[in-house]
Amino acid sequence: MRAIIVDDEKHSRDALQSMLAKYCPHVTVQALCCNGEEALQAIHQLTPEIVFLDVEMPVLDGFQVLEACRQPQFAVIFITAYDQYALQAIHHSALDYLLKPIDAQELQSAVDKAGRMPVTETARMVNKLLSFLAQEDRKALPTAQGLKIIAARNIIYCKAVGNHTRIFLQPPETQVTIKARMPELIGWLRDRGFMQVHTDFVVNLSLMEKYIKGDGGAIVMCNGDSVPLSRDRKQDFLLRVEHL
């Protein structure tokens, strides 16, 4: 089987290539790609039968690579560290995945399954995945490294930091700084269960753990962080919380 490996981490690409040579000798690795753009070029030029595709990559993530392929003519095996949102999406589509660090037996099983999968079935699963992602309302946000794809549901709270915004996320990631001011995010988040509780803070009300009384008070989020509540926003906040 002809294959390409797509992963932005060199050690991960090299490790998977070595494992394939040892445990799946019938798989020939045609290319090692470090980003989504390289992957799209390799897919077009080499027409692989199987693509090992990392989920989290800068600029174009694994999901966006598939979206750009439209009707893929290859089997797909996702590679990911534990990412609750990514795994939920992959499970929904019934596509296969490997968790890092990759287990040899799971690798062999995934490759065998990919070899038996009709191309038409893979295309159907990819379409199902992309439809799911569209419904989940993910947004590409600019960082110093490129674009970061973030689902609103995974944001715990946002903090204004000068001309940037620091976004605190559910594990395994903890935070990411984006090159956008807070007002640019509020329009996206306001109708998705978020509330601006302070000039510098927007919180996900569904991930709030408790409220501590005070002049304005403080909101304790699910990760244990305490977020200040402005006195002039306290009444509106308490009204929102009553109706959660």
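Structural notes, computed from the coordinates. (Residues numbered from 1 in each chain as written. Predicted model: local features only at pLDDT ≥ 70, side-chain atom pairs only at ≥ 80, totals over all residues. Heavy atoms only, no water.)

Let's shift gears to the sheet that holds strand S13 (residues 208-212). The 3 strands are arranged S13-S14-S15 in an open sheet whose pairing can be described as antiparallel. Every interior strand has two partners, whereas the edge strands, S13 and strand S15 (226-228), have only one. Sheet twist, expressed as the average angle between the axes of neighbouring strands with direction ignored, equals 25 degrees. Sheet analysis places S13 next to strand S14 (residues 218-221), joined by 4 bridges and oriented antiparallel. By the bridge assignment, Lys210 is partnered in S14 with Val220. The strands touched by helix H8 (residues 234-242) within the sheet are S13 and S14, with S13 carrying the most contacts at an inclination of about 135 degrees. (Pairing = 2+ DSSP bridges. Helix = DSSP H or I, 4+ residues; strand = E, 2+ residues; numbered from the N terminus. Axes fitted to C-alpha atoms, helices over the stretch in contact; angles between N-to-C directions. Contact = heavy atoms within 4.5 Å.)

Once that is clear, we can look at the pairing of strand S6 (residues 138-142). Where S6 and strand S7 (residues 147-151) come together, 5 bridges link them in antiparallel fashion. From the neighbouring strand, Arg138 faces S7, where its bridge partner is Ala151.

With that settled, the discussion passes to the packing of helix H2 (residues 36-46) against helix H3 (residues 62-69). Close contact between H2 and H3 brings their axes to 10 Å; oriented N to C, the two are set at 35 degrees. Crossing of H2 over H3 shows right-handed handedness. Contacts between H2 and H3 pair Gly36, Ala39, Leu40 and Ile43 from the former with Val65, Ala68 and Cys69 from the latter. (Left-handed = near helix turned anticlockwise from the far one by under 90°.)

This part covers the environment of Pro183. Within the secondary structure, Pro183 is located in helix H7 (residues 182-189). Using a relative accessible area of 61% as the deciding quantity, one classes Pro183 as exposed. (Buried < 20%, exposed > 50% of the residue type's maximum accessible area, 1.4 Å probe, protein only.)

Turning our eyes to something else, we now look at the pattern of salt bridges. Pairs may arise between side chains of opposite charge once their charged atoms sit close together. Scanning the entire structure with this criterion turns up 7 salt bridges. We note a salt bridge from Lys100 to Glu9, for which the minimum N-O separation is 3.5 Å. Highlighted residues: Lys100 in the loop between strand S5 (96-99) and helix H5 (104-116) and Glu9 in the loop between strand S1 (2-6) and helix H1 (10-23), separated in sequence by 91 residues. Across the salt bridge formed by Glu121 and Arg124, the nearest N and O atoms sit 2.7 Å from each other. In this pair, Glu121 and Arg124 both sit in helix H6 (residues 119-136), 3 residues apart, roughly one turn of the helix. Classification of Glu121 as partly exposed rests on a relative accessible area of 25%. (Salt bridge = Lys/Arg side-chain N within 4 Å of Asp/Glu carboxyl O.)

Spacing of three or four residues puts side chains on the same side of an α-helix, whose turn is 3.6 residues. With 14 residues, H1 should cover 20 Å at 1.5 Å per step; its first-to-last C-alpha distance of 20 Å lies within 8% of that length. Within H1 the residues assigned to the buried category are Ser12, Arg13, Leu16, Met19 and Leu20. With its buried residues spanning 130 degrees around the axis, H1 presents them on a single face. Structural note: H1 exposes Lys10, His11, Ala21 and Lys22 on the side pointing more than 90 degrees away from its buried face. Buried residues in H1 make contact with S1, strand S2 (28-33), strand S3 (50-54), strand S4 (75-80) and H5. (Expected span 1.5 Å × (residues − 1). Arc of directions from axis to C-beta.)

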